Amino acid sequence: LIRQITRLAARVAARVRCVSKEIMDAAEEAGIAKDKLVLIGYRLRLDVFDRERVAEAALEVRRGCGFSHDDVVITYVGALLRDKGLYDALGAMKVLAESDEHVRLMLVGDGPERRGLAEVAASEGLAERVVFAGYVPNDQVPDYLAASDIFLFPSRHEGAPRAVIEAMAMSLPVVASAVGGIPEVISEGETGMLLHTGDADEIASAVGRLLGDPVLCNRLGSRARREVEATASFSRQADAMVRLHA
C-alpha cells in the first residue's frame, strides 16, 4: 500500500528527490518520468558530527555503559528489526569473543526484536558483552558514535541509511552491507568495508581484520570523514535543495 501511494504521489509531483542512485533507478523502473528525478543525498552539519566537540560526552557514554578503557566498542545505530542483520551480528560476536576478551557490541535504538536479541545474547553467553542502549535522541547520537571504535551496519535491505553517513562523519571505520545506496558512499577498502553475504562469519572476518589493524582503522576513518566533507556537507546539499525548489 505504501509503495502504491508513493508511486502515485511521485507521478503527480513536479520533481522527485532521490537520496541514492539505487532509489532513482528503482523510481524510473516504477514508471516515474526520468526528467522528474533529482539525485540529492543526505546532508549533515559537520560541526555537530565532530569527535572533538563531543569528547567529554563520549567518555560519559562509555562510563555509563560500563566500558573499560581497553574495551573495543562495535556500534550499530538504528531500529532493532529482523532484517537489520543483528542476529548475524550476535553470531559474529560469539566468534570474536573467543579471541578477544575486550570486544563489545553496543546496539543504539529500539524495536520489536530487542527482546529476541537479548535472549539470544544471554543464551550464547554474550550478556556481558552486548549493551542495549535503547532509544537515543538525535542530538545525542554523535556522543554514542564518538564512544565507539567501529561502526557495524549489517542490514539486509536499505535505501541510503543516514546512520552510515553519520558514522563516517565521526571518522569511524565502517563495516556495512553492500545493499541499496551504501556502495555509493563506501568504497571498498578506501572509506569502509562492504559485506556481501552479511552472515556471521563474514561479519566476524571483517570486524576481526579491523580489530587487528589499528592503522587500517585510522585510515578508513579519516578517508570516510573526508568523503562526507566532500559530498554531504550541509551547505552543499542545502544549495542543491534550494535549486530544486527554484
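Residues numbered from 1 in each chain as written. Predicted model: local features only at pLDDT ≥ 70, side-chain atom pairs only at ≥ 80, totals over all residues. Heavy atoms only, no water.

Colleague: Even after reading the chapter, I still don't get the packing of aromatic side chains, so can you show me in this structure?
Modeller: Given two aromatic rings, one states the distance between the centres and the angle between the planes to describe the pair. Considering all chains together, one arrives at two aromatic pairs under this definition. Where Tyr76 meets Phe153, the ring centres are 5.6 Å apart and the plane angle is 20°; that geometry is what we call stacked. One end of the pair, Tyr76, is in strand β3 (residues 72–77); the other, Phe153, is in strand β6 (residues 150–153), and 77 residues separate them in sequence. The pair Tyr76 / Phe153 is uniform in exposure class, with both members buried. Measuring from centroid to centroid gives 6.2 Å for Phe151 and Phe153, while their planes differ by 15°, and the two rings are stacked. Neither Phe151 nor Phe153 differs from the other in exposure class; each is buried. (Phe/Tyr/Trp six-rings, centres within 6.5 Å; stacked < 30°, edge-to-face > 60°. Helix = DSSP H or I, 4+ residues; strand = E, 2+ residues; numbered from the N terminus. Buried < 20%, exposed > 50% of the residue type's maximum accessible area, 1.4 Å probe, protein only.)

Colleague: How should helix α10 (residues 214–231) be read in this particular structure?
Modeller: Because an α-helix packs 3.6 residues into every turn, residues spaced three or four apart end up facing the same way. In this model α10 runs 26 Å from its N-terminal to its C-terminal C-alpha over 18 residues, within 8% of the 26 Å that 1.5 Å per residue would give. If you check which residues of α10 are buried, you get Leu216, Cys217, Leu220, Gly221, Ala224, Arg225 and Val228. All buried residues of α10 lie within an arc of 160° about the axis, which places them on one face of the element. Exposed residues lying more than 90 degrees from the buried face of α10 are Val215 and Asn218. Check the buried side of α10 and you find it contacts α7 (162–169), β8 (193–195) and α9 (200–211). (Expected span 1.5 Å × (residues − 1). Arc of directions from axis to C-beta. Contact = heavy atoms within 4.5 Å.)

Colleague: I tried to follow the layout of surface pockets on my own but got confused; where do I start?
Modeller: Where empty space is left can be seen by rolling a probe of water-molecule size over the atoms. As a volume, the largest pocket reaches approximately 430 Å³. The greatest single-element share of the lining of the largest pocket, amounting to five residues, is contributed by helix α1 (residues 2–12). When its residues are assigned to classes, the lining of the largest pocket shows nine nonpolar, one polar and three charged. (1 Å grid on protein atoms, 1.4 Å probe; cavity = no way out; pocket = protein on both sides within 12 Å on 5 of 7 lines; lining within 4 Å. Points joined across faces, edges and corners; volume = space filled by probe spheres on them. Nonpolar A, V, L, I, M, F, W, Y, C, P; charged D, E, K, R; others polar.)

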